[in-house]
Amino acid sequence: MSFFSKLRERLTKSSSRIGQGLDDLVGEGTPETPPGRAPDAAQADAAPPAPAAPPPEAPADPAAPTAPPDPLPGQPGPVTPPPPPEPAEAPRPAAPEPAAPPETRRPGLMGRLFGAAPPTPAEPRRELDDAMLEDLEDTLVAADMGVDTALRVTANIAEGRMGRRLSATELKTLLADEITRIMTPVARPLPLYPKTPQVVLVVGVNGSGKTTTIGKLASQFRAAGKKVVIAAGDTFRAAAVEQLQVWGDRAGVPVMTAPEGSDPASLAFDAMTRAEAEGADLLMIDTAGRLQNRADLMEELAKIVRVIRKKDPSAPHNTLLVLDATTGQNAISQVETFRRLADVSGLVMTKLDGTARGGVLVALADRFGLPIHAIGVGEQIDDLDAFEPRDFARALVGLD
Ligand SMILES: Nc1nc2c(ncn2[C@@H]2O[C@H](COP(=O)(O)OP(=O)(O)OP(=O)(O)O)[C@@H](O)[C@H]2O)c(=O)[nH]1
């Protein structure tokens, strides 16, 4: 399954929240579209401002130049405005028939001749004004994009477009473009260096998905022909070590462990020795994630770094922070905390499947600019994908 289809399928909650929010938001505007004037987003972008679009009150005035759409042959006319006194063509049926939606685009000549093209219901539109921008901002904040990012995104969408009438699809497209613009610079795979073993320190709070991510990454690197060693550095939790061993088995990668309660730095040193001796390409070190005692955790991480630097002064080559998307805005404070504890070089966002909080990734990118190396979209070994900004943005806003 392609990345996009998997992501779209799995990001359902996020996209349904934002997508539905945008549909509702535009639906609050006047549901009217002049016939033949349903430009796509690109056209809307290129169109001159307001004059082309009627003011919201226009449809209520039968004398207005933008008359409501002609009915389809055999269909009743719009309910609200009375028909013009002398209809130029297609006289309206005398007797009322079952009501049709007031906005339907008239099919083209060929469509009418061959009856091939069913009428496409035109989307409601809403004039981009301060009230709509405020609604948009609220929708983005509710989707965990954070106030600052929501404000910036909203301002960018507003620029040069005030007064235009936008459909939900156009708004989603504009939003997806903005999100893509923010995310593109941070979408970078985990860099691989010629120096081996490349040491990847994996940090994050308990339960964020560190173990799972290490297993998934190890499996991918192994499939790419890399030799990988894993060190189970959270020596305080026997269950964590066991779980990592399970993932090591799945990935076909050796996992070095140490007795419960022993010094993680000493395990890291031994793992480094083994990785060097075996000519491993990568050494992935799992770490504890207890934030309850930050001083201890900071000392533990600092000690791991000190000892592996005895072997290789340039290590660790990557410090990956694993974040759980379901924690929403909390992910922001986790980045701040872990950046103080360790020299975080990149992020992996897990559990993007089935959460309505995927927007936090946009806030993270906008705020910290840290590379996003991969995203977790499930619990299986192949549920870790490279981060594709455009696909992510479209899936997030609910575009097909
Ligand atoms: N749905 C989903 N679940 C995930 C994903 N990544 C991890 N999980 C689940 O999240 C839970 C915690 O994952 P772990 O990998 O054990 O997290 P950890 O950070 O190592 O946690 P500790 O071992 O407690 O330090 C497990 O049940 C995983 O199956 C993901 O991308 N999607």
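One can find the structure itself at the top, above this paragraph.
The rules behind the values
Residues numbered from 1 in each chain as written. Predicted model: local features only at pLDDT ≥ 70, side-chain atom pairs only at ≥ 80, totals over all residues. Heavy atoms only, no water. Axes fitted to C-alpha atoms, helices over the stretch in contact; angles between N-to-C directions. Helix = DSSP H or I, 4+ residues; strand = E, 2+ residues; numbered from the N terminus. Parallel < 35°, antiparallel > 145°, perpendicular 65-115°, else oblique. Left-handed = near helix turned anticlockwise from the far one by under 90°. Contact = heavy atoms within 4.5 Å. Nonpolar A, V, L, I, M, F, W, Y, C, P; charged D, E, K, R; others polar. Expected span 1.5 Å × (residues − 1). Buried < 20%, exposed > 50% of the residue type's maximum accessible area, 1.4 Å probe, protein only. Phe/Tyr/Trp six-rings, centres within 6.5 Å; stacked < 30°, edge-to-face > 60°. Patch = residues over 30% accessible without salt bridge, like charges linked within 9 Å, V, L, I, M, F, W, Y side chains within 5 Å. Areas by Shrake-Rupley, 256 points an atom, 1.4 Å probe, with all protein chains shown as cover. Salt bridge = Lys/Arg side-chain N within 4 Å of Asp/Glu carboxyl O. Near = heavy atom within 4 Å. Polar contact = N/O pair within 3.5 Å; in protein donor to acceptor, adjacent residues only side chain to side chain. Core = buried A, V, L, I, M, F, W, Y, C linked by side-chain atoms within 4.5 Å. Arc of directions from axis to C-beta.

### Quick look at the packing of helix α5 (residues 130–142) against helix α6 (residues 147–158)
Packed helix pairs are specified by the crossing angle of their axes together with the interaxial distance, meaning the distance between the axes.
Thinking step 1. Between α5 and α6, the least distance of the axes is 9 Å, while the angle of their chain directions is 140°. On the basis of their axis angle, the class for α5 and α6 is oblique. Crossing angle aside, the handedness with which α5 passes α6 is right-handed. Counted together, L133, L136, E137, L140 and V141 of α5 and V147, A150, L151, V153, T154, I157 and A158 of α6 form the full contact between these two elements.
Thinking step 2. Taken together, the residues of the contact of α5 with α6 break down into 10 nonpolar, one polar and one charged.

### Side note on helix α12 (residues 330–341)
Thinking step 1. Taking 1.5 Å per residue as the helical rise, α12 with its 12 residues ought to reach 16 Å, and the 17 Å between its terminal C-alpha atoms agrees with that figure.
Thinking step 2. Among the residues of α12, A331, I332, Q334, V335, T337, F338 and L341 are the ones counted as buried.

### Section: the packing of aromatic side chains
Thinking step 1. In the structure shown here, the tally under the stated rule is one aromatic pair.
Thinking step 2. The interplanar angle of 55° and the centroid separation of 5.2 Å between the aromatic rings of F387 and F392 together place this pair among those described as tilted. With respect to class, F387 is no different from F392; both count as buried.

### Remarks on a nonpolar patch on the surface
Thinking step 1. On the surface, V141, V147 and L151 cluster together into a nonpolar patch covering about 220 Å² of accessible area.
Thinking step 2. With respect to the element layout, V147 can be found in helix α6.

### Remarks on the pattern of salt bridges
Thinking step 1. One pass over the full model with this rule turns up 17 salt bridges.
Thinking step 2. A salt bridge links R152 to D366; the shortest N-O distance between them is 2.8 Å. Of this pair, R152 sits in helix α6 while D366 sits in helix α13 (residues 360–368), and the two are 214 residues apart along the sequence.
Thinking step 3. Its salt-bridge partner being D324, residue K351 comes within 3.1 Å of it at the nearest N-O pair. In this pair, K351 is assigned in the loop between β8 (346–350) and α13 and D324 in strand β7 (residues 318–324), connecting sequence segments 27 residues apart.

### Let's talk about the site of the ligand
Thinking step 1. By nearness alone, 19 residues border the ligand, and G207, T211, T212, D353 and E379 come closest of all.
Thinking step 2. For the ligand, an oxygen atom lies 3.1 Å from a polar atom in the backbone of S208.
Thinking step 3. For the ligand, a nitrogen atom lies 2.8 Å from a polar atom in the side chain of D353.
Thinking step 4. When isolated, the ligand has an accessible area of 640 Å², and the protein chains bury 82% of it.
Thinking step 5. Among the elements of the structure, α8 (210–223) and α9 (238–251) are those that each provide at least two residues to the shell around the ligand.

### Digging into the nonpolar core
Thinking step 1. In this structure, I179, M183, L361 and L364 are the most contacted members of the largest nonpolar core, which totals 81 residues.
Thinking step 2. Top element by residues in this core is helix α7 (residues 168–183). It accounts for eight residues.
Thinking step 3. Contacts of M183, omitting those with residues within four sequence positions, involve L361, V362, A365, I372, F387, P389 and F392.
Thinking step 4. Judged by nonpolar contacts, the second largest core, of 22 residues, contains L190, V200, I214 and L217.

### Details of the environment of T326
Thinking step 1. Within the element layout of this structure, T326 appears in the loop between β7 and α12.
Thinking step 2. You can call T326 partly exposed: its relative accessible area is 35%.
Thinking step 3. Setting aside its immediate chain neighbours within four residues, T326 contacts K351, T355 and R357.

### Some words on α6
Thinking step 1. Between its first and last C-alpha, α6 extends 16 Å over 12 residues, near the 16 Å set by a 1.5 Å rise per residue.
Thinking step 2. All of the buried residues in α6 are T149, A150, V153, T154, I157 and A158. On an axial view of α6, the arc spanned by its buried residues comes to 165°, and they lie on one face.
Thinking step 3. Tucked into the core, α6 has its buried residues touching α5, α7 and α13.
Thinking step 4. Backbone geometry just downstream of α6 places G160 in the positive-phi region, at approximately 75°.

Purely geometric stuff here, so don't read any function into it on its own.
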